[in-house]
Amino acid sequence: MTIDIPIVTTYKDKGAKAAQSGLDKLSGSAKKLGLALGLALSINKIVAFGKASVKEFTDSEKAAASLQNTLKNTGNLLAFPDTEAGIKNLARLSGIADDSLIPLFNQLYLSTGNVGQATKDLNTAIEVSRGSTNELSTVVDALSKGYAGNTKGLGSLNVGLNRAYLASADMAAITKELNNTFSGSSAAFLDTYAGKVAVLNNQWSETKEIVGQGLVMAFETATGNRGAKGMTDSMEELGYVISAVLIRLGQLTSMLGTDIPLISDLLKRTTDGWKFLLGVDETRREIYNEILRTNTKINYEAMLAADAQAKRNKEYLAFLARQRKLSEAAAAAAKKRADEEKKIAAERKILDQVGGLFDLDQIQIFAALQGKVTDQEKLRLSLQLALIQENATEAAKLATELVKSQLQTTNLAGAIAKLPKALYPFTGWSTDIDNLIKQILLMMKLLQTMPTKPLGLPTVGTTTYYTDLAATLVNTTGYMGMTESQIAAERFKESAGRFAGSATAPVTVINVNGATQALLDELRNGLIKDSASGSFASINPSSGN
Amino acid sequence: MPVEVKGLVETKAALKAYAPDLLKEMNKEIRIALKVVVKDAQSHVTPNVIGLYGWQDRGNVVKSRTKAKTPLAPNLRAFPKYNPLVIRKGLTFSLAASRRNSAGFVGFYRLLNKSAAGAIIETAGRKNFNGASDSQSNNPQAGAHFNRAIQGTYGGFKQVGNRREDKGRLLFAAYYRDQGKVIDAVFKAINKADSKFKSRLGLAA
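Residues numbered from 1 in each chain as written. Chains lettered and ligands numbered in written order. Predicted model: local features only at pLDDT ≥ 70, side-chain atom pairs only at ≥ 80, totals over all residues.

1. Looking at the overall build of chain A
- On a plain count of helices and strands, chain A comes out with 23 helices and one strand.
- Residues classed as buried in chain A amount to 19% of the 545 residues present.
- Here the analysis covers contacts within chain A between residues at least 6 apart in sequence; of these, 60% occur between residues at least 24 apart. (Helix = DSSP H or I, 4+ residues; strand = E, 2+ residues; numbered from the N terminus. Buried ≥ 20, exposed ≤ 12 C-beta atoms within 10 Å, placed from the backbone. Contact = placed C-beta atoms within 7 Å.)

2. A look at the overall build of chain B
- A tally of regular secondary structure across chain B gives seven helices and five strands.
- If you list the helices and strands of chain B from N to C, you get β-α-α-α-β-β-α-α-β-β-α-α.
- Evaluated residue by residue, chain B yields a buried proportion of 23% over its 205 residues.
- For chain B, contacts bridging at least 24 residues in sequence account for 64% of all contacts bridging at least 6.

3. Considering the packing of helix α6 (residues 115-131) of chain A against helix α7 (residues 136-147) of chain A
Residues and elements named next belong to chain A.
- At a minimum axis distance of 9 Å, the contact between α6 and α7 shows a crossing angle of 130 degrees. Considering the angle they form, α6 stands oblique to α7. Both α6 and α7 take part in a crossing whose hand is right-handed. Counting all contacts with α6, which are made through Asp121, Ala125, Ile126, Val128 and Ser129, the residues of α7 involved are Leu136, Val139, Val140 and Leu143.
- Of the residues that constitute the contact of α6 with α7, the class distribution is seven nonpolar, one polar and one charged. (Axes fitted to C-alpha atoms, helices over the stretch in contact; angles between N-to-C directions. Parallel < 35°, antiparallel > 145°, perpendicular 65-115°, else oblique. Left-handed = near helix turned anticlockwise from the far one by under 90°. Nonpolar A, V, L, I, M, F, W, Y, C, P; charged D, E, K, R; others polar.)

4. Points about the nonpolar core
- In this structure, Leu34, Val37, Leu111, Leu171, Tyr175 and Val186 of chain B are the most contacted members of the largest nonpolar core, which totals 39 residues.
- Breaking this core down by element, the ones donating at least two residues are β1 (3-11) of chain A together with α2 (20-43), β3 (105-113), α4 (116-123), α6 (171-178) and α7 (181-201) of chain B.
- Examining the composition of this core, we find that seven residues originate from one element, α2 of chain B, more than from any other.
- Those residues in contact with Leu34 of chain B that sit more than four places away from it in its chain are Phe93, Tyr109, Leu111 and Val182 of chain B.
- Grouped together as the second largest cluster of nonpolar side chains are 33 residues, Phe80, Phe105, Leu122 and Ala302 of chain A included. (Core = buried A, V, L, I, M, F, W, Y, C linked by C-beta atoms within 7 Å.)

5. Notes on the packing of helix α17 (residues 360-370) of chain A against helix α18 (residues 375-388) of chain A
All names here are of chain A.
- With their axes 10 Å apart at the nearest point, α17 and α18 run at an angle of 155 degrees to one another. Here α17 is positioned roughly antiparallel relative to α18, judged by the angle of their axes. The handedness of the crossing between α17 and α18 is left-handed. Of the residues in α18, those in contact with Asp361, Gln362, Ile365, Ala368 and Leu369 of α17 are Lys378, Leu381, Gln384, Leu385 and Ile388.
- Across the contact of α17 with α18, the residue classes tally to six nonpolar, two polar and two charged.

6. Remarks on the pairing of β3 of chain B
- Most of β3 of chain B is tucked away: seven of the nine residues are buried.
- With eight bridges connecting them, β1 of chain A and β3 of chain B associate as antiparallel partners. Across the sheet, residue Thr10 of chain A finds its bridge partner in β3 of chain B, namely Val106 of chain B.
- Looking at chain direction, strand β2 (residues 91-94) of chain B and β3 of chain B are connected through four bridges and run antiparallel. Within β3 of chain B, the residue paired with Leu91 of chain B across the bridge is Asn113 of chain B. (Pairing = 2+ DSSP bridges.)

7. Details of the interface of chain A and chain B
- Contacts between the two partners involve 20 residues from chain A, matched on the other side by 32 residues from chain B.
- When residues of the side of chain A that touches chain B are traced back to their parent elements, those giving at least two are β1 and α16 (280-355) of chain A.

8. Some details on the confidence of the model for chain A
All names here are of chain A.
- For chain A, the mean per-residue pLDDT works out to 74, and 70% of the residues sit at or above 70.
- Taken element by element, the predicted model of chain A shows its lowest mean pLDDT in helix α2 (residues 30-39) (46) and its highest in α7 (87).
- pLDDT under 50 marks residues 33-43. Its contacts with residues more than four places away, or in other chains, come to 16 contacts.
- Ignoring residues within four places in sequence, the model shows residues 454-458, a span with pLDDT below 50, making eight contacts including any to other chains. (pLDDT = per-residue confidence, 0-100.)

9. Things to note about unusual backbone geometry
- A positive phi angle is found at Asn158 of chain A, which is not glycine, with a value near 55 degrees.
- Checked against the element boundaries, Asn158 of chain A lands in the loop between α8 (152-156) and α9 (163-168).
- Note on Asn158 of chain A: 10 C-beta atoms within 10 Å, which makes it exposed.
- Located in the positive-phi region is Gln179 of chain B, a residue other than glycine, with phi close to 55 degrees.

10. Considerations on α2 of chain B
Residues and elements named next belong to chain B.
- Over its 24 residues, α2 runs 34 Å from end to end, which matches the ideal 34 Å to within 8%, given 1.5 Å per residue.
- For α2, every residue scored as buried is listed here: Met26, Ile30, Ala33, Leu34, Val37, Val38 and Ala41.
- In this structure, the buried side of α2 is in contact with α1 (8-18), β2, β3, α6 and α7. (Expected span 1.5 Å × (residues − 1).)

11. Observations regarding the environment of Gln151 of chain B
All names here are of chain B.
- Examined against the element boundaries, Gln151 turns out to sit in helix α5 (residues 142-154).
- Taking the C-beta count within 10 Å as the criterion, Gln151 has 16 such neighbours and is therefore assigned partly exposed.
- Once the C-alpha coordinates of Gln151 and Ile121 are considered, the two residues, 30 residues apart in sequence, prove to be 8.8 Å apart.

12. Digging into the confidence of the model for chain B
- A residue-level look at chain B finds 96% of positions with pLDDT of 70 or above and a mean pLDDT of 88.
- Among the prediction metrics, the complex's ipTM stands at 0.85, with pTM recorded as 0.35.

13. Overview of the environment of Gln56 of chain B
All names here are of chain B.
- Within the secondary structure, Gln56 sits in the loop between α2 and α3 (84-90).
- Spatially, the C-alpha atom of Gln56 lies 4.8 Å from that of Tyr82, the residues being 26 residues apart in sequence.
- Beyond its immediate sequence surroundings of up to four residues, Gln56 is in contact with Asn48, Lys81 and Tyr82.

14. Things to note about the environment of Ala116 of chain B
Residues and elements named next belong to chain B.
- Among the structural elements, Ala116 can be located in helix α4.
- The partly exposed category is assigned to Ala116, around which 17 C-beta atoms lie within 10 Å.
- Through-space distance from the C-alpha of Ala116 to that of Lys81 is 8.8 Å; in sequence the pair is 35 residues apart.

This is the structure in structure tokens:
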């Protein structure tokens, strides 16, 4: 169970009329009709009949007022007289009371928004209701919901419309399908006894309506200008008159439908007589006149309402036009403003570009670029120029290149900075030169003291080999009788002085304390250390950087 | 308790047809007003009912104790367990029109307590607080015990109308505490939309 607390409620009489109509139908069977006519002869029932007649009239008037109001609210009041006449005709043909058809018509009209379509759909609903076991109100409800996109009700009617068809078809196709299936159902029903009774019942209701209207008019006439007091004074007399009318009417109606010619003729004569006596024609004329007056009044009101609605529509359209005009003007102004701003921005850009020619900063940079600058400096100057000119794309590109260049340079500088200091390769050379000069001087001094030797003999020091050899060869085979000097000369001659050693010049080895080798070793060790520490000293051999 | 208005259906229909933006705006304001009451009611849902520990929902499947399944009634529901999450979820509102009641009235802008356990909390003991006098139960005091336990946790009924049905412990109590502010807000939203619509049409507001 859901607990429901409505915050706001409204009264809705839709369906109440249908229920009332259903009760009337129940009590309107042939048996009850005959019983009602029979009992109408009693005074109490005459009074009850009078009340019922007035009620029928007021109900019908209420239904008509509801229809009129609906059409008026939707700006279609001019269609009211034709619509009401159409519904009354449909009621006569179908045997369904017009005051029960009008709410159903209203429902369909609100769903379709079209008087003609609503009338057709009401007719279709009657056919479907007569051809199936569904109540007319249920069918109308399903149709009106169908127009709102809810076809569940149509599916639950069990009239051969499956869910897939309802999901795919539109309402025009659905109503056409229903017409194809149920066309003629109402006519077939009216051929049956129950159908005829329904028509009679409905016609009886219509009769009661007419009587009720006559009663109301009679009361109004009786009251005249005297108000309720005048009516009270003549109430008793009027009651008898009404009773007489009703009694005769009941008697006449009870004999309707008989096939006996004598009775029919008698009935006709009696009816004509009563008509003459009671002035029925005059009454009918008055009723028609009253209806005509009412319709004229309604038409006049409808015309006024239509004029007022047209005026409101015109004002609303004018309002919409004003709004549209204002919106368009605002949009045009905004566009114009945007164009002007765009134009100003473009002009400013041109001015900035031209003004840049006289910008000292730019001039200096251009001048700097003309000179000999390194690649990195060129990049830096170009970046400065791009920043001054507010060229973001170029600035970003140059900044990236500069960072790359800086990184390369920074790494090389770092590697070089980590090299050990190179030793001075000529350290100690002055001492060595002094020592050399001393040796030369000593040698010169010794040379000056050396004795002069004969030509062809090896010089002392340079012929030690031959002297030593000659000493070992004295008195040996082949050198018998020769002296050491002779043997040495002989050997010198034979060997062409090859082993004399005098041809080789003395070589002075200068000790530079291993400085060059140490420099190379240190450089190598430094590079190895850098590599081991993960900081590579990369040297670009092509650029020299 | 509810306030009857005339012409609301027509106003809504006109707004829907000619000024859907105003209808949307109106519904938005009404939703905000209704949500205040619903949130208040939700905040008063307790984790359990003291003294009714067996009623607490522990996630077990519960079978109906009073009736057996039959081919004609294969989906018999058991007595619902107390689950605060379910109760809170069931406390909500609706802007849709209700079905016409027997008196011919249709409700708009409704506060709803949809869950079964929530409805029990709301209404248990509203008719016979001390148990039915003609109870045929083996434990005729069970009903009174149940009602008193709920009363102890949630407090008494709050009456918001003249009828016996117009009182409750949860949603009715929240509506009672609201003291009509929600109705004011709803009417303010309706009048505002109506005035705007009329002024837009060039009619007097």
